[in-house]
Amino acid sequence: MDNQEVYNKVKAHLLSQGRKSLGANGHCAYRGYAGAMCAVGVLIPDAMYLPSMEGAACTSGRVAEVLDVLGIDHAIARDLQQIHDMVPIDIWPDSLAAHARHYGLKP
């Protein structure tokens, strides 16, 4: 999956979902309550997802292995994940657009 495809999928998902994906502990989760998924979680096919991925950084361990299999650049995945985790939801559109420009992508 190239960076534009990753960006498009994450952007569409986050803006459609309109909320953070949170787990039982209240922290961001790849798979959260009521079917919510974070920026990286939406990139992980159900067949490749393991509950043990929760709490792990997207640039290491099993999550990174899945991203590698899917051909997803770790840097853009990490940056999109940080938008989900750290940026207020009402700022997501502007932050996503800024990251697209940073990577030379079409917002």
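For the structure, check the block above.
The structure presented is a predicted model; accordingly, all values stated were derived computationally and were not measured.

Before going further, it helps to spend a moment on the pattern of salt bridges. Counting across every chain of the model gives three salt bridges. Across the pair Arg-31 and Asp-46 runs a salt bridge, and its minimum N-O distance is 2.9 Å. Taken together, the residues span a long stretch of sequence, with Arg-31 in the loop between helix H1 (3–17) and helix H2 (61–70) and Asp-46 in the loop between H1 and H2 at a distance of 15 residues. What makes Arg-31 buried here is its relative accessible area of 18%. On the accessibility criterion, Asp-46 (66% relative accessible area) is exposed.

At a minimum axis distance of 11 Å, the contact between H1 and helix H3 (residues 74–86) shows a crossing angle of 15°. When the axes of H1 and H3 are compared, the pair comes out roughly parallel. Here the hand of the crossing between H1 and H3 comes out right-handed. From H1, Asn-3, Val-6, Tyr-7, Val-10 and Leu-14 reach across to H3, where they touch Ile-76, Leu-80 and His-84. For the contact of H1 with H3, a count of residues per class yields six nonpolar, two polar and no charged.

With that settled, consider the side chain of Arg-31. Within the local environment of Arg-31, its side chain forms a polar contact with the backbone oxygen of Gly-41, the two atoms lying 2.8 Å apart. Within the structure, Arg-31 has its side chain in polar contact with the backbone oxygen of Ile-44 (distance 2.8 Å). With residues near it in sequence (within four places) discarded, Arg-31 still touches Ser-21, Ala-36, Met-37, Gly-41, Ile-44, Pro-45, Asp-46, Tyr-49 and Glu-54.

This part covers helix H4 (residues 92–102). Buried within H4 are the following residues: Trp-92, Ser-95, Leu-96, Ala-97 and Ala-100. Looking at the buried residues of H4, the elements they touch are H1 and H3. One or two residues past the end of H4 sits Gly-104, with phi positive at roughly 70°.

We now examine the nonpolar core. Grouped together as the largest cluster of nonpolar side chains are 29 residues, with contacts concentrated most on Val-10, Tyr-30, Val-40, Ile-44 and Leu-80. Contributions of two or more residues to this core are made by H1, H2, H3 and H4. In contact with Val-10, other than residues within four places in its own chain, are Ala-39, Val-42, Leu-43 and Leu-80.

Calculation rules
- Residues numbered from 1 in each chain as written.
- Predicted model: local features only at pLDDT ≥ 70, side-chain atom pairs only at ≥ 80, totals over all residues.
- Heavy atoms only, no water.
- Salt bridge = Lys/Arg side-chain N within 4 Å of Asp/Glu carboxyl O.
- Helix = DSSP H or I, 4+ residues; strand = E, 2+ residues; numbered from the N terminus.
- Buried < 20%, exposed > 50% of the residue type's maximum accessible area, 1.4 Å probe, protein only.
- Axes fitted to C-alpha atoms, helices over the stretch in contact; angles between N-to-C directions.
- Parallel < 35°, antiparallel > 145°, perpendicular 65-115°, else oblique.
- Left-handed = near helix turned anticlockwise from the far one by under 90°.
- Contact = heavy atoms within 4.5 Å.
- Nonpolar A, V, L, I, M, F, W, Y, C, P; charged D, E, K, R; others polar.
- Polar contact = N/O pair within 3.5 Å; in protein donor to acceptor, adjacent residues only side chain to side chain.
- Core = buried A, V, L, I, M, F, W, Y, C linked by side-chain atoms within 4.5 Å.

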